[in-house]
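One letter stands for each residue in the lines below.
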Amino acid sequence: MNPEYRRYLLDSGFQPFAELADALENTPPVTAIRLNPRKPGAVPSEGARPVPWHPNAYLLPERPDFTLDPAMHQGAYYVQDPSSMFVAEILRQLLPSLPPTPRVLDLCAAPGGKTTAITDLLPDGSLMVSNEYDFRRAEILKENIIKWGYPWSVVTRGDTARFRALPGFFDLVVVDAPCSGEGMMRKDPKAAQQWSPLLVRQCAALQEEILDNAAATLRPGGFLVYSTCTFNPDENERQTARLLATGAFAPVPITLDPAWNILSTLPPHVGTRRAAYDMPSLRFLPGRVEGEGYTVAVLRKTEAAPDYPAVGWSEPKAGGHPRREDPRKPRRGKKDNRDNSRQPQFPEAELMARVPASLRSAIASLHPRLASWRDGEIAAIPEAIHPSFLTLSPHLDIIHAGITLAEVKGRDCLPTQSLAMAAPPLWRGEAERPSPFPSFEIDTATALAYLRRQSLSLPAEAPRGYLLLTHRPSPGAAPLPLGFVKNLGNRANNLYPAPWRVLKS
């Protein structure tokens, strides 16, 4: 452990923090999964125990090789730290105070754990927008959202300041802010090495900016869930206290089971000589809970918040994005100057003519509208979120919305992985309408070959043409979609997305 950070914990005079120093050094991280209720069939390994605050999640006795389990790639479960799963319990308690189909924003969403945990509880037709600043991480977020299969999703990338163009639009905004990473020191040695008081101050400044942008896009009466994977009050209570001081927010209590052992108090003085904060956060401390470090608080917006300036970001160049660097690490990934408002748009009638009737019928129950804002891709936007999509698209860099129905390549219109992953599995069709695609169940070895994007030779009885491969997530479970191939008989062309391919042998 960073000696400076250990001294900080011990000098706090707060017994749980003193115990935390030993826990971070001497206890191992845990492994947990959360099952997808819309894609049943995955079974936790023998010896798994329930996560106390989540009815559909399990602590595993050891970490298996998830990469070589097709069920994970099918979206049957998600590997997530148990502490951060608590966002689902928060949503469960907030749902009675939200509209029947709320608009939800996960503002710093990659890699997608909180977004998928939220969509598990949202009523069908609720808008779920997930944003990520870093372009590389945004692609990982997009992949995980597609695999989870919630069709009423929109994935965006870019600076959170862009959401200021949508004042009062969302009913619930989740901010899991970039932070100094104190809670990740057990599993990430870099988090311990990089910690310093300067980093804490830099992160706190960035968190202020992000929270101001979140406040602007949250409607009066809506809820703000603010969390970090760090413990210090500068990045937690100081941030919520600043919003409460405006008079535009009020604290929201979250009911806790004492058996969960979640810390809900904070001493008057921790590290610095500030007075006690009016609203303590909920802290998940390793050693007290089976999970990594996590701190969360919930506020309700009571009125229009003051128009705080968004500090620290620069105006974009023509066609570019505002910039605000994450102080923890250098920026990665290619710069992308795509501007949605300048991308080619095609009349819906033209898109409808391009897409085969079999593809359209696959998602007819969603009453979708077709859209194309990325070269060669045709998306089906469910009717329930189409008006919101039209509102969002001029202001945000959308990289995924609804179900990417088809990819046009020359004269071919290829079914996509997004269509295969949609949940509930739309490929099964309805009683009065047969499934638009023949399906063919494969074994685990063939499934892994498919995920490695290898060419396949299917048995002679496999139907020809576009074929949906399926695989059972566990013995005795119903098969779930894995993805499409074009079966030519002597071989099957693999349509699994190249960037997603499994490289591990």
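Now for a quick tour of the structure. (Residues numbered from 1 in each chain as written. Predicted model: local features only at pLDDT ≥ 70, side-chain atom pairs only at ≥ 80, totals over all residues. Heavy atoms only, no water.)

So, the packing of helix H1 (residues 3-11) against helix H2 (residues 15-26)
A pair of packed helices is characterised by two quantities: the angle between their axes and the separation of those axes.
Okay, step 1: The interhelical angle for the contact between H1 and H2, taken along N-to-C directions, is 150°, at an axis separation of 7 Å. Taken together, the axes of H1 and H2 lie roughly antiparallel to each other. H2 is crossed by H1, and the crossing has left-handed handedness. Only Phe17, Ala18, Leu20, Ala21, Asp22, Leu24 and Glu25 of H2 make contact with H1, whose side of the interface consists of Tyr5, Arg6, Leu9 and Leu10.
Okay, step 2: Among the residues making up the contact of H1 with H2, the classes are represented as 8 nonpolar, no polar and 3 charged. (Axes fitted to C-alpha atoms, helices over the stretch in contact; angles between N-to-C directions. Helix = DSSP H or I, 4+ residues; strand = E, 2+ residues; numbered from the N terminus. Parallel < 35°, antiparallel > 145°, perpendicular 65-115°, else oblique. Left-handed = near helix turned anticlockwise from the far one by under 90°. Contact = heavy atoms within 4.5 Å. Nonpolar A, V, L, I, M, F, W, Y, C, P; charged D, E, K, R; others polar.)

Focus on the pairing of strand S17 (residues 412-415)
Okay, step 1: The pairing of strand S16 (residues 403-409) with S17 spans 4 bridges and is antiparallel. Note on S17: the bridge partner recorded for Lys409 is Asp412.
Okay, step 2: Count of turn residues in the S16/S17 antiparallel hairpin: 2 residues, of which Gly410 carries a positive phi of about 65°. (Pairing = 2+ DSSP bridges.)

Remarks on the state of the cysteines
Okay, step 1: Under the criterion given, the structure shown has 0 disulfides.
Okay, step 2: You can see Cys203 has no disulfide; the closest cysteine sulfur is in Cys179, sitting 6.4 Å from it. (Disulfide = S-S within 2.5 Å.)

Thoughts on the sheet that holds S16
Okay, step 1: Strand order in the open sheet formed by 4 strands is S13-S14-S16-S17, and the pairing between neighbours is antiparallel. Because the sheet does not close on itself, it has two edges, and the strands there are strand S13 (369-374) and S17. In this sheet, neighbouring strand axes are inclined to one another by 30° on average, regardless of whether the strands run parallel or antiparallel.

Examining the packing of aromatic side chains
Okay, step 1: Counted by the stated rule, this structure contains 18 aromatic pairs.
Okay, step 2: Look at Phe86 and Trp260: their rings are 5.9 Å apart centre to centre, the planes differ by 80°, and that puts the pair in the edge-to-face class. Placement of the pair is Phe86 in helix H4 (residues 86-94) and Trp260 in the loop between strand S10 (249-251) and strand S11 (282-284), with a sequence separation of 174 residues. Like Phe86, the residue Trp260 is buried in the burial classification.
Okay, step 3: Members of the aromatic cluster, joined through ring pairs, are Trp53, Phe86, Trp260, Phe284 and Tyr294.
Okay, step 4: Positioned over the ring face of Phe169 is Arg103, at 4.0 Å from the centre of the ring.
Okay, step 5: Between the NZ or CZ atom of Arg157 and the centre of the ring of Phe135, over which it lies, the distance is 4.8 Å. (Phe/Tyr/Trp six-rings, centres within 6.5 Å; stacked < 30°, edge-to-face > 60°. Buried < 20%, exposed > 50% of the residue type's maximum accessible area, 1.4 Å probe, protein only. Lys NZ or Arg CZ within 6 Å of the ring centre and 35° of its normal.)

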